[in-house]
Amino acid sequence: MNKFKSHFRFDKQERNGIFFLLLTIVLLQTVYFLVKYQNSNTDSALRWDSDFQKGIDSLKQIALVTKTPKIYPFNPNYITDFKGYTLGMSTEEIDRLIAFRKTGKFVNSNLEFQVVTQVSDSLLSVISPFFKFPEWTQKRNKTQISATTQNKTQSVPINKVKDINKASAEQLMEIYGVGEKLSARIIKFRDRLGGFLVNDQLYDVYGLDTETVERALQRFQVVNPPKIKKIKINSASSSEIAGLIYINRSQAEKIVRYREVNGPFNSLNDVAPMFNDSKEKIDRIGLYLSFEKE
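Quantities reported herein were computed from a predicted structural model and do not represent experimental measurements.

Engineer: Quick one: what's the story with the confidence of the model for the protein chain, residue by residue and with numbers?
Structural biologist: Here the protein chain shows a mean pLDDT of 78. Residues at 70 or above account for 75%. A low-confidence stretch, residues 140-159 stays under pLDDT 50, and its non-local contacts, those more than four residues away or across chains, total 24 contacts.

Structure representation (structure tokens):
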């Protein structure tokens, strides 16, 4: 028993040594936890700074968006210097419009705006969706539009106009508003006709709006009309008549039945009741018909 207790008896020097050992261990543990805590705080601070910066960046993006002026529909006839500048127009383009307006005239379509200001196709494609013209300018009938187109195309020097019947798909795609599909559709329509006989036939291509046609006729026109074999309306079969792109099968059969009952047609006026179309379209149908009597 005395031997067992002797293991827990230390003299003064041994006790001091044990004390300093424990003190050293405590100090080392304290330093370890302080360093670990400081590193943890540094990482947290870095993460916090990163998250805070992300928040700042997102607020900057929102501010940029909110500061970007929203464009509302407007009448391009009343574009001011400041308005034109914000739209991306050059000083010369704005001045051309202002000079045109001082003559008392108005632009009433995207095409007229481009003709007057000479803005590029790319800029026109960006700003034209916001143009708002008076309603009465958009209610012109097709005859008026056709007359306007003829006046404009006649003012173009003939040596600068290319033949629409020789235009390639790539050349047609240079027209603002005509892409790959529409250019292919124009060529297909032209091939089925055997070539355009008159400029107004371009209006008959499905998907081409009036302004695109007017723009196309500034560059392309019927320079050399093709020679075609006209359909003898008084002797042709319904299949031959339906071969004309403007006449469908039921209309062709109606023409043949009418002819068998009432006799031969004398003129286009006799055929017109067979169609529920505009006078302009009936006139174009007449280009392909012959009223010879057998």
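So, next bit.
Engineer: How would you sum up a nonpolar patch on the surface? Please name residues and give values.
Structural biologist: A contiguous nonpolar surface patch, about 360 Å² in accessible area, is contributed by Ile 18, Leu 21, Leu 22 and Ile 25. With respect to the helices and strands, the residue Leu 22 is situated in helix α2 (residues 12-67).

Engineer: Describe unusual backbone geometry, listing the residues and the values that go with them.
Structural biologist: Unlike most non-glycine residues, Gln 118 shows phi in positive territory, near 65°. Looking at the secondary structure, you find Gln 118 in the loop between α5 (110-117) and α6 (121-127).

Engineer: Now, about the side chain of Asn 110: what can you tell me, with residues and values included?
Structural biologist: With respect to the element layout, Asn 110 can be found in helix α5. Using a relative accessible area of 14% as the deciding quantity, one classes Asn 110 as buried. A distance of 3.2 Å separates a polar atom in the side chain of Asn 110 from a polar atom in the side chain of Glu 211. Excluding residues that lie within four positions of it along the chain, Asn 110 makes contacts with Leu 124, Ser 128, Phe 131, Phe 133, Glu 211 and Arg 215.

Engineer: For the nonpolar core, give the residues involved together with the corresponding values.
Structural biologist: Ranked by size, the top nonpolar core spans 38 residues in total, and within it Leu 172, Ile 186, Phe 196, Leu 202, Leu 208, Ile 241 and Ile 255 carry the most contacts. If you list the elements that add at least two residues to this core, you get α9 (180-193), α10 (210-216) and α12 (249-262). Apart from residues no more than four positions distant in its own chain, Leu 172 is found in contact with Ile 164, Ala 167, Val 178, Ser 183, Ile 186, Ile 187 and Phe 220. Listed in part, the 15 residues of the second largest apolar core include Ile 94, Val 107, Val 119 and Phe 131.

Engineer: Tell me about the packing of aromatic side chains, residues and numbers included.
Structural biologist: Overall, the coordinates contain 7 aromatic pairs when judged by the stated rule. Seen in terms of ring centroids, Phe 189 and Tyr 246 are 6.3 Å apart; in terms of plane orientation they differ by 80°. Their pairing is edge-to-face. Placement of the pair is Phe 189 in helix α9 and Tyr 246 in the loop between α11 (238-242) and α12, with a sequence separation of 57 residues. Using a relative accessible area of 11% as the deciding quantity, one classes Phe 189 as buried. Residue classification places Tyr 246 among the buried residues on the basis of a relative accessible area of 6%.

Engineer: Any chance you could break down the pattern of salt bridges for me, citing the residues and the numbers?
Structural biologist: Summed over the entire model, instances satisfying the criterion amount to 2 salt bridges. A salt bridge links Asp 204 to Arg 284; the shortest N-O distance between them is 2.7 Å. Separated by 80 residues along the polypeptide, Asp 204 in the loop between α9 and α10 and Arg 284 in helix α14 (residues 279-286) bring together distant segments of the chain. When its relative accessible area of 6% is taken as the criterion, Arg 284 is described as buried. Linking Arg 249 and Glu 253 is a salt bridge whose minimum nitrogen-to-oxygen distance equals 3.4 Å. Linking Arg 249 with Glu 253, this pair stays in helix α12, spanning 4 residues, or about one helical turn. Look at Arg 249 and you get partly exposed, because its relative accessible area is 43%.

Engineer: So, the packing of helix α4 (residues 91-102) against α5: which residues are in play, and what are the values?
Structural biologist: Describing two packed helices takes the angle between their axes plus the distance from one axis to the other. The geometry of α4 relative to α5 is characterised by a closest axis approach of 8 Å and an angle of 110° between their N-to-C directions. The angle between the axes of α4 and α5 places the two elements in the roughly perpendicular class. Listed contacts from α5 to Glu 93, Arg 96, Leu 97 and Phe 100 of α4 are Phe 113, Val 116 and Thr 117. In the contact of α4 with α5, the residues fall into 4 nonpolar, 1 polar and 2 charged.

Conventions adopted
Residues numbered from 1 in each chain as written. Predicted model: local features only at pLDDT ≥ 70, side-chain atom pairs only at ≥ 80, totals over all residues. Heavy atoms only, no water. pLDDT = per-residue confidence, 0-100. Contact = heavy atoms within 4.5 Å. Patch = residues over 30% accessible without salt bridge, like charges linked within 9 Å, V, L, I, M, F, W, Y side chains within 5 Å. Areas by Shrake-Rupley, 256 points an atom, 1.4 Å probe, with all protein chains shown as cover. Salt bridge = Lys/Arg side-chain N within 4 Å of Asp/Glu carboxyl O. Helix = DSSP H or I, 4+ residues; strand = E, 2+ residues; numbered from the N terminus. Buried < 20%, exposed > 50% of the residue type's maximum accessible area, 1.4 Å probe, protein only. Polar contact = N/O pair within 3.5 Å; in protein donor to acceptor, adjacent residues only side chain to side chain. Core = buried A, V, L, I, M, F, W, Y, C linked by side-chain atoms within 4.5 Å. Phe/Tyr/Trp six-rings, centres within 6.5 Å; stacked < 30°, edge-to-face > 60°. Axes fitted to C-alpha atoms, helices over the stretch in contact; angles between N-to-C directions. Parallel < 35°, antiparallel > 145°, perpendicular 65-115°, else oblique. Nonpolar A, V, L, I, M, F, W, Y, C, P; charged D, E, K, R; others polar.

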